[in-house]
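An overview of the molecular structure
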Amino acid sequence: MFDVLKAMISLRPLSVVATLGLLLAAGLVAPTMVGCRKNGSVGEAVPDSAPPKGAVLRLLVIDDSAMAAAIRQLQAEWSGQSAWNLDVREVASAEWDPGAGLEADALIMPSAQLGTLAQRDLLLPLPDELARSRQADWSEIFDLTRSKEVAWAGDVVAVPFGSPLLTCYYRADLFEKLKLKPPVTWKEYRQLAELLSDPTRLGDAAPPKGEAWRGTLEPLASGWAGITLVARAAAYASHRGNYSTFFDIDTMEPLIDGPPFVRALEELVTVAGPNGAELLGHDPSSVRQAFWDGHCAMALTWPTAAAEIGSSPDANGRVGFAETPGSENVYNVTDRAWEIRRKDESPHVSLLAAAGRIGVVPRTSKWPDAAFQLLLWLSDPQWSKQVSTSSPATTLFRQSHWKDASKWVERPAPVEAAVHYAELTEQALSRRQSLIMLRIPGRAEYLAALDEAVRKSIAGEASPEQALKETAARWREITGRLGVENQRDAYGGSLGLE
């Protein structure tokens with residue numbers, strides 16, 4: 001096919017688009033091969049010839065040295081199968097400026113960075129025929145991952161490498177001893193945290209006197225406090241009839257100081273307690289380690305086999321996993337009223353793109369089809385078990401990962417718990433209701449302002465309501481500076497609206 005294209009171009013000085021038109025008319029190329037977006041524009045880099053044998057594809061990995069190292073181990077395998085070489089480079093987000101040019105054929109980056117590039121139309125959509133290929137096996141990727149997290153404005157513009165959801169760890173041995181059940185709602189979670197915070201109620205399972213102990217731990221460090229608050233508010237703010245959660249989708253007026261977020265922050269402050277300031281240094285990694293060290297009865301983080309867990313010898317078998325709690329009550333922002341969820345609705349709402357990795361192909365890619373093939377190869381059922389499991393920022397994302405569930409969970413966890421985690425993850429990423437984390441331009445600034453609201457509330461420097469009013473004012477300023485129309489388009493695009 002590509003030989004025909006080159007031959008036709010050599011015969012007449014036709015434009016690429018005109019040449020493709022002749023190919024389409026002749027039936028020599030499928031319409032999906034032109035890389036047409038839903039708005040009708042043609043991806044200028046898509047109708048390119050395949051790389052010659054020995055060509056070097058450039059892959060840039062952002063903020064993930066472990067994944068970059070795992071991919072380098074597959075360079076020879078890739079070259080043997082494709083006849084193309086691979087140059088893997090890595091960079092930290094703080095040192096990377098996409099505005100200065102995307103000098104790579106493909107990128108693997110944090111999921112939340114998608115909006116910055118997609119809003120500027122710097123990414124190519126995934127060609128339909130590649131998504132349908134046997135290699136991609138797209139149909140076995142969990143529903144919300146393939147339909148929402150890698151999509152922008154109706155187009156699939158990324159390849160998933162796994163995005164973990166905050167998960168509720170709990171001490172299975174304590175819960176069994178005290179005849180407790182894992183929390184389903186935030187109300188139950190709060191009650192359990194209070195009950196389990198008192199070591200005297202734990203009998204011979206209590207930690208040694210003088211050791212740090214809490215009923216629960218949550219990631220509240222800088223960069224995580226706001227995300228944890230959103231995870232708590234997701235079930236309150238996600239109504240089946242509302243698109244607007246963070247902002248009014250028409251006016252971009254912030255909704256972050258509305259009842260769902262105020263309630264979530266009030267509950268977070270209650271659980272943190274009077275000594276909550278000591279929690280502000282915890283990220284998901286330190287929360288996970290504290291759980292395995294025996295310093296808490298519950299924890300909000302996620303499993304990963306990429307973490308080196310040092311734990312006491314009796315830690316094996318004492319972990320249980322449950323979905324992040326939800327709520328039977330939900331706020332209808334249109335009616336400005338709380339409602340009870342319908343009986344056919346789950347109380348849980350999955351928060352997407354809080355972490356994770358995705359692969360994208362920039363419009364400046366020299367060989368975009370080959371770049372997409374590389375990303376699909378690295379994330380396919382065979383190689384994803386080596387690539388994605390190397391990173392602590394990913395999790396399983398395919399049905400076929402079930403049989404290797406232990407590869408995605410830290411070593412002290414028993415096989416039964418790992419399989420249950422896989423079941424929970426597929427369930428959470430297959431339901432109807434979800435909330436995608438803020439991923440529009442200015443995301444870091446918006447979240448920094450939300451982090452500050454959590455910090456002030458926990459420190460007692462402001463009430464949750466007042467702290468979130470200050471956050472809303474800061475969000476208005478950020479939106480105004482970046483442009484209301486641009487931010488409204490980005491917010492709609494992030495929700496899948498064309």
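Up top you'll find the structure we're talking about.
Residues numbered from 1 in each chain as written. Predicted model: local features only at pLDDT ≥ 70, side-chain atom pairs only at ≥ 80, totals over all residues. Heavy atoms only, no water.

1. Looking at the packing of aromatic side chains
The geometry of an aromatic ring pair is captured by two quantities: the separation of the ring centres and the angle between the planes. Going by this rule: Two aromatic rings, drawn from Phe, Tyr or Trp (for Trp, its six-membered ring), form a pair once their centres lie within 6.5 Å of each other, and the interplanar angle then sorts them: stacked below 30 degrees, edge-to-face above 60, tilted otherwise. Here's how the labels work: a residue is buried when its accessible area is under 20% of the maximum for its type, exposed when over 50%, partly exposed in between, all with a 1.4 Å probe on protein chains only. Look at NZ for Lys and CZ for Arg. If either is within 6 Å of the ring centre and within 35 degrees of the ring normal, a charge sits over the ring.
This structure, assessed with the given rule, holds 17 aromatic pairs. On the numbers, 6.2 Å between centres and 50° between planes, the contact of W78 with W84 is tilted. Look at W78 and you get buried, because its relative accessible area is 3%. Through pairs of rings, three or more aromatic residues link up here, namely Y169, F291, W292, F321 and Y421. When the ring centre of Y236 is taken as reference, the NZ or CZ atom of R263 above it lies at 5.4 Å. Between R263 and the ring centre of W338, over which it is positioned, the NZ or CZ distance is 3.8 Å.

2. Examining a nonpolar patch on the surface
Rules: Two joining distances apply to patches: 9 Å for like charges and 5 Å for nonpolar side chains (Val, Leu, Ile, Met, Phe, Trp, Tyr), and every residue must have over 30% relative accessible area and no salt bridge. Note on areas: Shrake-Rupley, 1.4 Å probe, and residue coverage restricted to the protein chains presented here. Definition used for salt bridges: Asp or Glu carboxyl oxygen within 4 Å of a side-chain nitrogen of Lys or Arg. Secondary structure follows DSSP: runs of H or I at least 4 residues long count as helices, runs of E at least 2 residues long count as strands, and numbering of each begins at the N terminus.
Side chains of W402, V415 and V419 sit close together on the surface and give an oily, nonpolar patch of about 230 Å² of accessible area. Topologically, W402 is positioned in the loop between α14 (384-387) and α15 (415-428).

3. Some details on the sheet that holds strand β9 (residues 296-301)
Applied cut-off: In this description, strands pair whenever DSSP reports at least two bridges between them. Axis angles are defined between N-to-C directions and span 0 to 180 degrees, where every axis is a line fitted to C-alpha atoms and, for a helix, only to the segment in contact. By definition, residues are in contact when any of their heavy atoms lie within 4.5 Å.
Pairing is mixed across the open sheet formed by 4 strands, whose spatial order is β8-β9-β7-β10. Of all the strands in the sheet, just β8 (214-217) and β10 (319-323) have a single pairing partner and so form its edges. Recorded for the sheet is a direction-independent mean angle of 20° between the axes of neighbouring strands. Pairing between strand β7 (residues 167-171) and β10: 5 bridges, direction antiparallel. For Y169, the partnering residue across the bridge sits in β10 and is F321. Running at roughly 140° to β9, helix α9 (residues 186-196) makes contact with β7, β8 and β9 of the sheet. Against the sheet, helix α12 (residues 284-292) engages β7, β8, β9 and β10, with an angle of about 155° to β9.

4. Some points on the sheet that holds strand β3 (residues 106-110)
Taken together, 5 strands build an open sheet; the order of strands is β2-β1-β3-β14-β6 and the sheet is mixed. Because the sheet does not close on itself, it has two edges, and the strands there are β2 (85-91) and β6 (159-160). Across 7 bridges, the pairing between strand β1 (residues 56-62) and β2 is parallel. Counterpart to L60 in the pairing with β2 is R89. Along the sheet face, helix α3 (residues 65-72) touches β1, β2, β3 and β14 (357-360) and points at about 165° away from the line of β2. Packed on one face of the sheet, helix α13 (residues 368-378) meets β1, β2, β3, β6 and β14 and runs near 55° to β1.

5. Focus: unusual backbone geometry
Even without being glycine, A83 reaches a positive phi, approximately 70°. As for its position among the elements, A83 is in the loop between α4 (75-82) and β2. Although it is not a glycine, R336 adopts a positive phi angle of roughly 55°. By the element assignment, R336 lies in the loop between β11 (329-332) and β12 (337-340). Taking the relative accessible area as the measure of exposure, R336 reaches 69% and is therefore exposed.

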